[in-house]
Amino acid sequence: MRLAGIHHGAGGACWLLVAPLLGLVIALYAWPVAEILWLGFSDPEPGLQNYEKLFTRTALAKILWTTLRICTITTLLSVTIGYLIAYTMVHLGARERSWMLTLVLISFWVSVLVRAFAWLTLLGRNGPVNAALAAGGLIDEPVAFVRNELGVLIGMTHYMIPYAVLPLLANMQGIDRRIMDASHNLGAGAATTFTRIYLPLTTPGVVAASLLVFVISLGFYVTPALLGGGRVLMVAEYVSVQVLVTVQWGVASMLATLLLAGVFGLMYVLSRFMRLGDVFGARA
Amino acid sequence: MRIERLSKRFGDFTAVSEVDLHVRRGEFLTLLGPSGSGKTTLLMMIAGFVEPTSGDLRLDGRSIRSLLPEKREFGMVFQGYALFPHMTVRRNVAYPLEIRKRPRHAVRERVDEMLALVQLEDFADRLPHQLSGGQQQRVALARALSFGPRVLLLDEPLGALDKKLRGEMQVQLKHLHRRIGTTFVYVTHDQEEALSMSDRVAIMNHGAKVQVGSPEALYERPATTFAAGFLGRSNFLRGIVTGRRGGCATYAVAGREYRQEDPERRLQPGAGVTLALRPEKLEVAPARPDGVDGAGSVGAGNAGPNRLAGVVGDVTYLGSTLSVSVTTDGAGTLIAEVRPRDGPGVAEPGHNVCLEWMPDAAVIVDDMQSPA
């Protein structure tokens, strides 16, 4: 009992130690966010009219639908490509792996703005890709790669691939390769071993990567704005327009609340199936 | 199964070099060697995970060298077990049967049978991480045996277990082998495991096969200093052959002559000789007043023991025996293992003693001090 008491006391002291930091977070982060979110219910006048607009304004529903569609496709593409990259990396020698990791990280560090402009140049009507395709006789008219939804998907997928690769790589590196050897030894071919052993074992990595990519994609702003050529409007850009141009803080706040609730909802659903600590590689 | 001149090189490094080995049907063969001796690489080549650089593997006369691991029908118990962590014990054991598309009821029956065999009926619905090391080991065994493999390969399966459990598992494994009659090829660096379980042991060192034989044959008649030193403990005497006396050769170490039984006349006068002498073959007797030293005392004829004088250094109590180290004059320090009740009064540190051994107690071995 005495020991337990001392232990409990130490726990209390610990809380005191982190209290200043906690206070800082609440004052500078949690409180302002709550204020902003509250605007959705109070601006321009108290009530739920901002949320009502979701059902009355078709433009809003369309933006949400576009956002969901683009984020889902981006997630599928980047996790699939990321899976292939991570799989290759795990099965390469240590030196080749570190080279590939460097390449992945370099693209990770290049500014999103630079990358969007790079794609614009590469894939534009008179860009090298269209020029090469035309020279090869494959097309007569330049293909519209950018300034549409395809451009947004290309840019976002490119941006998100490193985010998919890293959790998958961590997951795959943690798998004992003898488990796959055991499967072969027991008579399973490559395809069976992949579907029955490897895929289930990498599911936590796939889930983590998908969640990470999807959540980050929801907030994309620069890439759709540039590569979409103004034709593809996603939530983040719309929020920015509401705040900066039309000054409708209420609507902006309502959309931000929706995004936040969506993210938390996803996390909750996920936590029902697996421990989040496992998914994100935290060790107790 | 025949292993013919099988080699594996990784760049400049030769992991396994020209190993010939005949694995007999139904036997328990152990590949024994220190780490880095190539025993695991050899096993991986048998399993098909490592491609041989040269040589061949034949099973019932057919070459299986280019056969994929999944086509070989060899069960394997991996180091660390390699159980499928996302499957229950039952599904782990059922896996090879499901792969072979056995009917569902047959799978269930066979899994139950296997779980009973390894006494894990009550753990069928657990996941591997909910089991102890010994239980996981048994699941791996049941899984590797469930489809009736032609050969069971075991890669240091008891390495991760504590000493007591290891002893129990050794007994169980041997029992299991006798019951099911499958050929076992077992890899270990633990000489005690090799001696206690195997029908035959192949000792490996530096990627090469050193000696193959039954545990008794290897222990009693090691062919090289490596075999003698790795399997049990051994003293080595290095001398020059001086002549023959009856069925014995005589040899000299540091100016004194000893006798060694040599009916096959392997020892030629003038040649160097290395003898392996097990500690338990040495008797520790009180020092002789007349200081007789060397091959038999005068008048003892051919029947007398060899004698060597020395001073007792350390005496280590090992329970059933005492290990006595004796520093001799010219033959280095020898270890003798004696019964504790023979020790007091004689095997005391600092005492002068006389080591005695019969001419047939030592074994002529090839000197492997400087491997080629």
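Reading the values: the criteria
- Residues numbered from 1 in each chain as written.
- Chains lettered and ligands numbered in written order.
- Predicted model: local features only at pLDDT ≥ 70, side-chain atom pairs only at ≥ 80, totals over all residues.
- Heavy atoms only, no water.
- Helix = DSSP H or I, 4+ residues; strand = E, 2+ residues; numbered from the N terminus.
- Rg over C-alpha atoms; globule rule 2.2 N^0.38 Å.
- Buried < 20%, exposed > 50% of the residue type's maximum accessible area, 1.4 Å probe, protein only.
- Areas by Shrake-Rupley, 256 points an atom, 1.4 Å probe, with all protein chains shown as cover.
- Lys, Arg positive; Asp, Glu negative; His and termini not counted.
- Charge placed at Lys NZ, Arg CZ, Asp CG, Glu CD.
- Domains from an automatic or database assignment.
- Contact = heavy atoms within 4.5 Å.
- Buried area = accessible area lost by both parts, 1.4 Å probe.
- Nonpolar A, V, L, I, M, F, W, Y, C, P; charged D, E, K, R; others polar.
- Pairing = 2+ DSSP bridges.
- Axes fitted to C-alpha atoms, helices over the stretch in contact; angles between N-to-C directions.
- Salt bridge = Lys/Arg side-chain N within 4 Å of Asp/Glu carboxyl O.
- Polar contact = N/O pair within 3.5 Å; in protein donor to acceptor, adjacent residues only side chain to side chain.
- Core = buried A, V, L, I, M, F, W, Y, C linked by side-chain atoms within 4.5 Å.
- Expected span 1.5 Å × (residues − 1).
- Bend = angle between axes of the 7 residues up to and from the residue.

Once that is clear, we can look at the overall build of chain A. Check the secondary structure of chain A and you find 13 helices and zero strands. Across chain A, helices and strands are ordered from the amino to the carboxyl terminus as α-α-α-α-α-α-α-α-α-α-α-α-α. Relative to the globule expectation of 19 Å for 284 residues, the C-alpha radius of gyration of chain A, 24 Å, shows a markedly less compact shape. When its C-alpha atoms are laid out on the principal axes, chain A stretches across 75 × 60 × 30 Å. Looking at chain A as a whole, 35% of its 284 residues qualify as buried. A total accessible area of about 16,300 Å² is found for chain A, and carbon and sulfur atoms account for 72% of it. Distance between charge centroids for chain A: 8 Å, based on 17 positive and 12 negative side chains.

Quick look at the domain arrangement of chain A now. Residues and elements named next belong to chain A. Domain boundaries assigned for chain A yield domain 1 (1-42) and domain 2 (51-279). Facing five residues of domain 1, the contacting portion of domain 2 comprises eight residues. Across the domain 1 to domain 2 interface the summed buried area is about 540 Å²; carbon plus sulfur atoms make up 76%. Three residues stand out in domain 1 for area buried against domain 2, namely L37, L39 and G40, and they jointly supply 67% of the buried area on that side. Among the residues making up the side of domain 1 that touches domain 2, the classes are represented as four nonpolar, one polar and no charged.

All names here are of chain B. As summarised here, the arrangement of the five strands in space is β13-β12-β11-β14-β21, forming an open sheet in which the pairing is antiparallel. Taken across any chain shown, the strands that pair with only one partner, and hence form the sheet edges, are β13 (256-261) and β21 (363-365). Along the sheet, successive strands turn relative to each other by an average axial angle of 50°, direction set aside. Of the strand pairs in this sheet, strand β11 (residues 235-245) and strand β14 (residues 272-277) are connected by six bridges, and their pairing is antiparallel. Pairing of L237 across the sheet is with L275, part of β14.

So, about the interface of chain A and chain B. With 18 residues of chain A in contact, the opposing surface of chain B contributes 24 residues. Both sides together, the interface formed by chain A and chain B hides about 1,800 Å², and carbon and sulfur atoms give 62% of it. Three residues, A:N185, A:L186 and A:R196, lead the burial of chain A against chain B; their summed loss comes to 42% of the area buried on that side. Across the chain A-chain B interface, the total number found is one salt bridge. The closest approach of N and O atoms between A:R196 and B:E98, which form a salt bridge, is 2.8 Å. Connecting chain A to chain B are eight residue pairs in polar contact (both at pLDDT 80 or more). Of the residues in the side of chain A that touches chain B, the class split is eight nonpolar, seven polar and three charged.

Turning our eyes to something else, we now look at the nonpolar core. If you look at the biggest cluster of nonpolar residues, it comprises 105 residues, and the most contacted ones within it are B:I3, B:L42 and B:L153. With twelve residues, helix α7 (residues 149-173) of chain A is the largest single contributor of residues to this core. With residues up to four places along the chain from it excluded, the contact list for B:I3 reads B:V19, B:D20, B:L21, B:V23, B:L42, B:I46, B:D56 and B:L57. B:Y251, B:V253, B:L322 and B:V353 belong to the second-largest nonpolar core, a separate cluster that totals 29 residues.

A word on the pattern of salt bridges. Evaluated as defined, the whole model comprises 18 salt bridges over all chains. Each of B:E4, B:D56 and B:R58 takes part in a single network of salt bridges with overlapping partners.

With that settled, the discussion passes to helix α9 (residues 190-218) of chain A. When the terminal C-alpha atoms of α9(A) are compared, their 36 Å separation across 29 residues is substantially less than the 42 Å that a helix rising 1.5 Å per residue should span. A maximum bend of about 45° is found in α9(A) at A:T203, where proline A:P204 lies one to four positions downstream.

What follows deals with the environment of A:Y221. All names here are of chain A. You can see Y221 is positioned in the loop between α9 and α10 (222-227). Classification of Y221 by relative accessible area gives partly exposed; the value is 39%. Between the alpha carbons of Y221 and V112 there is a distance of 9.9 Å; along the sequence they are 109 residues apart.

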